[in-house]
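Here are the chains, one letter per residue:
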Amino acid sequence: MITLNVNGQTHELDIPPDAPLLWVLREKLQLTGTKFGCGQSLCGACTVHVDGEATRSCVTAVSEVEGKKVVTVEGLVPRWMDPLKEAWLAEEVPQCGYCQPGQLMAAAALLVKNPEPSDAEIDAGMSGNICRCGTYPRIRKAIRRASRSAAEGRGV
Amino acid sequence: MSESVDIRRREFLLASAAVGGGLVLGFYLPPRGGVIAAAAAEPASVTPSAWLRIAADGTVTIIVAKSEMGQGVYTSMPMLIAEELEADWSRVRIEPAPVADVYNHTVFGVMVTGGSTSVSSSWEQLRTVGAAAKQMLIAAAAKKWEVPVSECRAREGLVSHPGSGRSLGFGALAEGAAGEPVPPVVALKDPGDFRLIGRSLPRLDSPAKVAGTAVFGIDVQRPGMLVAVVSRPPVFGARLKSFKSEAARKVSGVRSVAQIPSGVAVIAEGYWQALKGRKALEIDWEEGEGAALSSEGLREAYRALAETPGTVTRSEGDAGAALAAAPRTLVAEYDLPYLAHAAMEPLNCVVELKDDSCEIWTGTQFQTVDRNAAAKAAGLKPEQVQIHTTYLGGGFGRRANPASDFVVEAVHVARAARAPVKVIWSREDDTRGGWYRPLWYSRLQGGLDEGGTPVAWSHRIVGQSILSGTPFEQAVAAQGFDGTSVEGAMELPYAIPNIRVDLHSPTQVVPVQWWRSVGHSHTGFVVESFLDEMAHAAGHDPYRLRRRLLADHPRHRRVLDLAAEKGGWGEKLPPGKGRGLALHHSFGSYVAQVAEVAVDEKGRIRVERVVCAVDCGRVVHPDTVRAQMESGIVFGLSATLFGELTLEKGRVLESNFHDYPVLRLEETPVIEVHLVESSEKPTGVGEPGVPPVAAAVANAVFAAVGARVRRLPLLPERVLAARHRS
């Protein structure tokens, strides 16, 4: 049995320890917001947070996250959820939308560590996530917007 | 001026009362024939399916017959109906259409999303639906109030009678409206009165996409569903000789292993188990003639083929004589590789097969063709097959497969599985699965007169036909060649008196397909690079030469001027940097782009800025046009800088994003999009942003360091080699 903590809920699952977290989330827990893109940690579509760190769930065995807190797009931390999702809508970021949960998870992890990233820091923090529709210019704008609105919210 | 549409001429509108009260309005457009023989051969059944439902509570549900793959049709299509209906946009909902003739493309005659045609082909049709429904709502209100129809008006989901101050919501009027006759003639609004069209309304699909709740094909769950992966031949055209499945069957979670026409399917409780099972398979393939193929070999063969004349697709003046007489001539060869679509969502398909029905859930662009192919594979009638179109995690053409490969295969797997099944392609399967943008070779000759003015242009193209073997094959027979192979080259707009364009269409075992912008994806690069070469050879400014040769093409000129102006054409740049320009007309739209690049001593290119001007006629949703131009530019840059599939011994060497790289955020330039205001009919935006960008970048590289690279992608070693040559 493997014990998983996902979005604040504990699950006891009868799965082999080497099962990839991505497929356990998608197929066992029906959390399909986390996407399969490459299976090799190359595209970022499967990004989740493990103890706050952006993590590629497609190459992470469930045994590696036992005793840790896993957060998916469905349970994205409230502090960044609102400004990020609002910014994503205000800039009309999504096109096909498939990579966007992973993009949001990467953006949230970036802003948690660095609430006011420079353009170069946004580029560095987001370049592990591929978007074939080419929403990159809007992702840049949305992260700047989320950073600004969160700063205003904090009264900075 | 408002237009008037006579519905009686060729269309039937069907009204009926909705279950639970309300108005359902259908609209039947018989296939206009010609393009697809298969569609014409089918009985034209009048399906009373609806384009819109108005519920008693006033909610307007608009059925969208186009697949949402990022291009914004789940917003632009309902806007066309809501505009004429005078709906309250905040009460508009959408629903994907099932497969039915009523939803056939007004030009192509089957249900398909492609060719950048959604808005242009629905522009009149959907506005007519909205206008007819509005007229019926008004008629119902007028009857109720016993006032003349002419005294009532509709606005924001209400019909009102200003004279008496009365008004009723669409919901309250819907049932009465359903009893009204469908008007034989409707008046469409004067564009000056548009309230929705021309505005960047919030996209209706964005909230679900941001929440992670949008359902793509790969997210579909069915009770008792199994998951399968398929081991497909390593070489195109190879056949299965034998296989051993004992080890695969022993993998925990694997339910069964089955031979199907496309390979060997491993059916399991989940994807990961299926993948593990597949690794344990031992398969012996009969590789066949495909095993001799290499992309280098193909290039050599195409080069040799180009020594002989091909099928002439355009001939004006006498290019041969003019070239022979020209005081100055240029010759150049251009090469473009096979490309995969590489949509973010790998191919997948869910099938639930029963004795007398087949339900399919998938992100497809090609519903009618898929339904018919699935019926054939399942041994059912087309009407027994239902397709639920989910969101598409990118399409780029791959999800409109002429053979319905990923759908048909899933039907075969479902047959073997005896349970609902989801077939998932790994990224490697997707990259190596064929149906590529063809490998292209072009040979160009240009002639200049004493003053350096182009007087002759000869363009020979070699590459596989995309349309042959598809439902659109008839067009090839009718024209004598595949028009999509030469599109963008054949219609060279420049005023050159002697032009010849000819084509060779060799066949190969590698399956090819439309890839965002189809033939324009190679001709945009080739034509606009070679024109640049001619300009530089004659000592002309590439912008001014284009401008001069486009005196009779005002729409081309307008985007060219706009891009040049906004892109700072002619302004100085530091050493190692350059600016390049390209212009291309495709899918009815005109796009010009100015790219600014920096090239380092290792030949690495950094694209810093792309300025884009577009004229796509009347703009329905400005932000979508901007988004599609940005999207096309990023997609095109991936192919410009990185995209290349390599065949060796019939095998595709590339497999995933590490060896088939695509543009990432840090490599993305600043992109500026400028829209030309126009009252012309709307034209395409999904694809036209792609064709010019490779040439704009290649021309900028030449301007920066004098390296003329004629082979895509523009790899650093190719830049260095070209620089060395110059």
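Parameters at a glance
- Residues numbered from 1 in each chain as written.
- Chains lettered and ligands numbered in written order.
- Predicted model: local features only at pLDDT ≥ 70, side-chain atom pairs only at ≥ 80, totals over all residues.
- Heavy atoms only, no water.
- Contact = heavy atoms within 4.5 Å.
- Buried area = accessible area lost by both parts, 1.4 Å probe.
- Salt bridge = Lys/Arg side-chain N within 4 Å of Asp/Glu carboxyl O.
- Polar contact = N/O pair within 3.5 Å; in protein donor to acceptor, adjacent residues only side chain to side chain.
- Helix = DSSP H or I, 4+ residues; strand = E, 2+ residues; numbered from the N terminus.
- Nonpolar A, V, L, I, M, F, W, Y, C, P; charged D, E, K, R; others polar.
- Pairing = 2+ DSSP bridges.
- Axes fitted to C-alpha atoms, helices over the stretch in contact; angles between N-to-C directions.
- Buried < 20%, exposed > 50% of the residue type's maximum accessible area, 1.4 Å probe, protein only.
- Core = buried A, V, L, I, M, F, W, Y, C linked by side-chain atoms within 4.5 Å.
- pLDDT = per-residue confidence, 0-100.
- Domains from an automatic or database assignment.
- Lys, Arg positive; Asp, Glu negative; His and termini not counted.

Colleague: What exactly am I supposed to notice about the interface of chain A and chain B here?
Modeller: Buried accessible area, meaning the area lost when the parts come together, often serves as the stated size of an interface. Contact with chain A, which involves 48 residues of that partner, is made by 57 residues of chain B. Together, the buried faces of chain A and chain B total about 4400 Å²; carbon and sulfur atoms form 58% of this surface. Taken together, the connections running from chain A to chain B amount to five salt bridges. Here A:Arg26 makes a salt bridge to B:Asp219, at a shortest N to O gap of 3.0 Å. Summed over the shared surface of chain A and chain B, the result is 28 residue pairs in polar contact (both at pLDDT 80 or more). For the side of chain A that touches chain B, the elements supplying multiple residues, two or more each, are α1 (21-28), α2 (78-90), α3 (100-113), α4 (119-126) and α5 (136-153) of chain A. In terms of residue count, α5(A) provides more of the side of chain A that touches chain B than any other element does, five residues in total. Counted by class, the side of chain A that touches chain B contains 25 nonpolar, twelve polar and eleven charged residues.

Colleague: Quick question: what am I supposed to make of the sheet that holds strand β30 (residues 670-675) of chain B here?
Modeller: Pairing between the strands of a sheet comes from backbone hydrogen bonds, and it takes one of two forms, parallel or antiparallel. Residues and elements named next belong to chain B. Spatially, β25-β26-β27-β30 is the arrangement adopted by the four strands of the open sheet, whose pairing is mixed. Here the strands that pair on one side only, and so sit at the sheet edges, are β25 (577-586) and β30. Between one strand and the next, the sheet's axes are offset by a mean angle of 15°, whatever the strand orientation. Pairing analysis gives six bridges linking strand β27 (residues 605-615) to β30, with the strands arranged parallel. By the bridge assignment for β30, Ala613 is matched with His674. Sheet contacts for helix α17 (residues 554-566): β25, β26 (589-599), β27 and β30; angle to β26, the most-contacted strand, approximately 30°. Helix α18 (residues 622-641) contacts β26, β27 and β30 of the sheet and is inclined by roughly 135° relative to β30.

Colleague: Whenever I open this one, the pairing of strand β11 (residues 226-231) of chain B confuses me. Can you help?
Modeller: When a strand is regular, its side chains alternate between the sheet's two faces. Residues and elements named next belong to chain B. Among the six residues in β11, six count as buried, and that is most of the element. Where β11 lies against strand β21 (residues 421-424), three bridges are found, and the strand directions are parallel. Following the sheet pairing, Val227 is matched in β21 by Lys422. Note that β11 and strand β14 (residues 263-268) share five bridges and pair antiparallel. Considered in β14, the bridge of Val230 is made with Ala265.

Colleague: Where do I start with the nonpolar core in this structure?
Modeller: In a soluble, globular protein the nonpolar side chains are often hidden away together inside. Counting residues in hydrophobic clusters, the biggest one holds 275 residues, and the most contacted among them are A:Trp88, B:Val159, B:Ile360, B:Trp457, B:Ile605 and B:Val697. In terms of residues, this core owes the most to one element, helix α3 (residues 118-145) of chain B, which gives twelve residues. Beyond its immediate stretch of four places on either side in the chain, B:Ile605 contacts B:Val597, B:Ala598, B:Val599, B:Leu641, B:Val697, B:Val701, B:Leu714 and B:Val719.

Colleague: What should I look at first to understand the confidence of the model for chain B in this one?
Modeller: The predicted coordinates should not be examined in detail at positions where pLDDT is low. Residues and elements named next belong to chain B. Chain-level pLDDT for chain B is 93 on average; 93% of the residues reach the 70-or-more range. Every residue in residues 8-12 is under pLDDT 50, and counting partners more than four places away or in other chains gives 17 contacts. Confidence over residues 27-49 falls short of pLDDT 50; this stretch has 60 contacts with residues more than four positions distant or in other chains. Taken together, the chains of this predicted complex give a pTM of 0.95 and an interface ipTM of 0.97.

Colleague: Looking at this structure, how should I read the domain arrangement of chain A?
Modeller: Residue and element names in this part refer to chain A. Along its sequence, chain A is carved into domain 1 (2-71) and domain 2 (80-153). Taking the mean C-alpha position of each, domain 1 and domain 2 sit 22 Å from one another. In this complex, domain 1 contributes 15 residues to the contact, which on the side of domain 2 involves eleven residues. For the pair domain 1 and domain 2, the two sides together bury roughly 1000 Å², of which 55% comes from carbon and sulfur.

Colleague: Sorry, what's going on with unusual backbone geometry here?
Modeller: Trans peptide bonds make up most of the peptide bonds, and negative phi angles are found at most residues other than glycine. A cis amide bond links B:Leu712 to the next residue, B:Pro713, at an omega of -5°. If you trace the backbone, B:Pro713 turns up in the loop between α19 (691-705) and α20 (716-725). Residue A:Gln30 is not a glycine yet carries a positive backbone phi of 55°. For A:Gln30, the location among the structural elements is in the loop between α1 and β3 (47-50). Residue A:Gln30 is classed as partly exposed on the basis of its relative accessible area, which comes to 43%. The residue A:Ser41 is not glycine, and still its phi comes out positive at about 60°. Examined against the element boundaries, A:Ser41 turns out to sit in the loop between α1 and β3. Taking the relative accessible area as the measure of exposure, A:Ser41 reaches 33% and is therefore partly exposed.

Colleague: Teacher, can you tell me more about the side chain of B:Lys134 here?
Modeller: Residues and elements named next belong to chain B. With respect to the element layout, Lys134 can be found in helix α3. Buried charge Lys134 goes without a salt bridge, the closest partner of opposite sign being Glu86 at 4.5 Å. Setting aside its immediate chain neighbours within four residues, Lys134 contacts Glu84, Leu85, Glu86 and Ala154.

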